[in-house]
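Structural overview for review
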Amino acid sequence: MKFNTRAIHSHHQHEKIYGAHTTPIYQTSTFIFENADQGGRRFSGEEEGFIYTRLGNPNMTEVGMRIANLEGTEKGLVTSSGMSAVSTTLMRHLSHGDHIIASDCLYGCSFGFITEVLPQYGIEVDTIDLTNEELLLNTIKDNTKVIYFETPANPTLKIIDIKKITTIAKSKGIKVVVDNTFMTPYLQSPIELGADIVIHSATKYIGGHGDVIAGIIVGKSEDINNIAFPYLKDFGGNSSPFDSWLLMRGIKTLGLRMERHCSNAQKVAEYLEKHPKIAKVYYPGLESFKGKEIADKQMRGYGGIIAFEMKDGFDAGKKLMDSVNMISLAVSLGTVDTLIQHPASMTHSPIPKEEREKGGITDGLVRLSIGIEDVEDILNDLDNALKK
Ligand code: LCS
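Residues numbered from 1 in each chain as written. Predicted model: local features only at pLDDT ≥ 70, side-chain atom pairs only at ≥ 80, totals over all residues. Heavy atoms only, no water.

1. Let's talk about the pattern of salt bridges
Counting across every chain of the model gives 19 salt bridges. A salt bridge links Arg-41 to Glu-47; its shortest N-O distance comes to 3.0 Å. With a relative accessible area of 30%, Arg-41 lands in the partly exposed category. The salt bridge partner of Asp-296 is Lys-292, with a shortest N-O separation of 2.9 Å. (Salt bridge = Lys/Arg side-chain N within 4 Å of Asp/Glu carboxyl O. Buried < 20%, exposed > 50% of the residue type's maximum accessible area, 1.4 Å probe, protein only.)

Below, the structure is given as structure tokens:
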């Protein structure tokens, strides 16, 4: 079956007692065993079945398996946040004395976790420009266990060649973890390009409606089982039945929404690029965009996120953010409505200024997450705000 059909049907099991058409919310902390022997078999893994919601729940299984299916892999987990997906995955693959290479442009808290928290556990970290192949080859060491990146990256949309990185990593036995939040499985398939694990902030496009915080981890069953037990189980960063249920509702319309996010963002990016008050626009669908060639090779659309710099710098950007009307001034992204925010003082403030600027996140950069409203209304709102 094709993507949109799988987004609606894959791994759905009709509820048998009352015949509910959609999956009910299994809002329960624990599950009843038929007898003591069965309880023992479930704990030992001899028998499949649910035990206790921190260890798994029908709503989480359905979402995890559906995203795994859409990402073209075997198994998935739903976590309490995107950061739980990042931290649980990395803690599973790194121990004292290991080395991780991460992109120099990442979501602020991911960057903070990797550069501030991991070294406290004796893990060596290098954040580098992963578009520079020679630099990557020179940075890899005998103890390098993981290469970690986002593409397109938050917030500059920096594009990293997934196939190139996974080919290098495979030859050296290094795991590649890709954060596919900006693209979703509808627009990009890192696993097909050789990645081992794909993670998401499902808070964004997968949920899609701005009402849930969640994360996803998908990959081969063996890798996912090794993250689930004992890491997700013992760190306790699983999702909840209701949040998973909200994600399931969002996933069914993912393809439709992504098409609209892409077409709206393309029009807004083209409008901004021509505007006399705008100095530079970052959007992979623009001919002027630096990573366009690789984007065209590995992406099936350019997504809904645009970053830009005002000619008059941060003060002009601040005025713009304070002048929009329909558009909300808020962090997060990937919601049905359009959001605007300032990475340097908001989402990427955990990164020291010098590091931030190395990753291209200047003080003047403004980020837009384009929603699925009628594009004329988004353009009108921006046009009125830019006039001010
Ligand atoms: N990965 C990416 C690429 C993200 O953009 C975010 C959050 C996360 C991971 C973490 O996910 P969370 O725990 O929030 O579900 N990005 C945000 C942003 O740009 N604005 O607010 C949050």
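Picking up where we left off.
2. Notes on helix H3 (residues 58-70)
Note on helix geometry: an α-helix contains 3.6 residues per turn, so any two residues three or four positions apart are oriented the same way. Between its terminal C-alpha atoms H3 stretches 18 Å, which fits the 18 Å expected from 13 residues at 1.5 Å a residue. Within H3, 11 of the 13 residues are buried, which leaves it mostly tucked inside the rest of the structure. The set of residues buried in H3 consists of Pro-58, Asn-59, Met-60, Glu-62, Val-63, Gly-64, Met-65, Arg-66, Ile-67, Ala-68 and Leu-70. In this fold, the buried residues of H3 make contact with helix H1 (3-9), strand E1 (75-79), helix H8 (184-187), strand E6 (197-201), strand E7 (215-219) and helix H10 (241-251). The distance from a side-chain oxygen at the start of H3 to the backbone nitrogen of Asn-59 is 2.9 Å, and the residue carrying that oxygen is Asn-57. At the exit of H3 stands Gly-72, carrying a positive phi of roughly 75°. (Helix = DSSP H or I, 4+ residues; strand = E, 2+ residues; numbered from the N terminus. Expected span 1.5 Å × (residues − 1). Contact = heavy atoms within 4.5 Å. Polar contact = N/O pair within 3.5 Å; in protein donor to acceptor, adjacent residues only side chain to side chain.)

3. Observations regarding H10
Along H10, the residues that are buried comprise Pro-241, Ser-244, Leu-246, Leu-247, Met-248, Gly-250 and Ile-251. Here the buried face of H10 lies against H1, H3, E1, E7 and helix H11 (254-274).

4. Structural notes on the sheet that holds strand E5 (residues 175-179)
Reading across the sheet, the 7 strands line up as E1-E7-E6-E5-E4-E2-E3 and stay open at both edges, with mixed pairing between neighbours. In the strand order of this sheet, the two ends are held by E1 and strand E3 (124-128), each with one partner. If you compare each strand with its neighbour and ignore which way they point, the axes differ by 20° on average. By the bridge criterion, 5 bridges tie E6 to E7 in an arrangement that is antiparallel. The residue of E7 that forms the bridge with Ile-197 is Gly-219. Packed onto the sheet, H3 meets E1, E6 and E7 and runs at close to 130° relative to E1. Seen against the sheet, helix H5 (residues 108-117) touches strand E2 (99-103), E3 and strand E4 (144-150) and runs at an angle of roughly 140° to E3. (Pairing = 2+ DSSP bridges. Axes fitted to C-alpha atoms, helices over the stretch in contact; angles between N-to-C directions.)

5. Some remarks on the site of the ligand
Taken together, 17 residues are adjacent to the ligand, and Asp-179, Ser-201, Thr-203, Lys-204 and Arg-367 come closest. Note that a nitrogen atom of the ligand is positioned 2.6 Å from one of the side-chain N or O atoms of Asp-179. When the ligand is considered free in solution it has 480 Å² of accessible area, and contact with the protein chains removes 93% of it. Looking at the shell around the ligand, its residues break down into 5 nonpolar, 8 polar and 4 charged. Built from parts of two domains, the shell around the ligand gets at least three residues from each of domain 1 (3-251) and domain 2 (255-386). (Near = heavy atom within 4 Å. Areas by Shrake-Rupley, 256 points an atom, 1.4 Å probe, with all protein chains shown as cover. Nonpolar A, V, L, I, M, F, W, Y, C, P; charged D, E, K, R; others polar. Domains from an automatic or database assignment.)

6. Brief notes about the nonpolar core
Within the largest apolar cluster, 66 residues are counted, with the highest numbers of intra-cluster contacts made by Leu-90, Ile-100, Ile-114, Leu-118, Tyr-148, Ile-216 and Leu-247. Looking at this core element by element, the count peaks at 5 residues for H3. Per-domain counts for this core show at least three residues from each of domain 1 (3-251) and domain 2 (255-386). If you look at the next biggest cluster of nonpolar residues, it comprises 26 residues, including Leu-272, Ala-316, Ile-340 and Leu-386. (Core = buried A, V, L, I, M, F, W, Y, C linked by side-chain atoms within 4.5 Å.)

7. Examining the environment of Ile-25
Inspection of the secondary structure assignment puts Ile-25 in the loop between H1 and helix H2 (36-44). Ile-25 sits 221 residues away from Leu-246 along the chain, and the two C-alpha atoms are 9.4 Å apart. In this structure, Ile-25 is in contact with Asn-59, Pro-241, Phe-242 and Trp-245, ignoring residues within four places of it in sequence.

8. What about the packing of aromatic side chains?
Evaluation of the coordinates by the stated rule reveals 6 aromatic pairs. Considering the side-chain rings of Phe-3 and Tyr-186, the 5.0 Å spacing of their centres and the 70° angle between planes classify their relative orientation as edge-to-face. In this pair, Phe-3 is assigned in helix H1 and Tyr-186 in helix H8, connecting sequence segments 183 residues apart. Judged by its relative accessible area of 14%, Phe-3 is buried. Assessed through its relative accessible area of 15%, Tyr-186 is described here as buried. Taking 6.4 Å as the distance between ring centres and 75° as the angle between the ring planes, the aromatic pair formed by Phe-33 and Phe-43 counts as edge-to-face. Here the residue Phe-33 occupies a position in the loop between H1 and H2, and Phe-43 occupies one in helix H2, the gap between them amounting to 10 residues. Judged by relative accessible area, which is 29%, Phe-33 ranks as partly exposed. Of note, Lys-204 hangs over the ring of Tyr-107, and the distance from its end group to the ring centre comes to 6.0 Å. Against the face of Tyr-282 rests Lys-280, its NZ or CZ located 5.2 Å from the ring centre. (Phe/Tyr/Trp six-rings, centres within 6.5 Å; stacked < 30°, edge-to-face > 60°. Lys NZ or Arg CZ within 6 Å of the ring centre and 35° of its normal.)

9. Overview of the side chain of Asp-98
Residue placement: Asp-98 occurs in the loop between helix H4 (82-93) and E2. For Asp-98, the side chain forms a polar contact with the main-chain nitrogen of Ser-95, separated by 2.8 Å. Apart from residues lying up to four places away in sequence, Asp-98 is in contact with His-93, Gly-122, Ile-123, Glu-124, Asn-143 and Lys-145.

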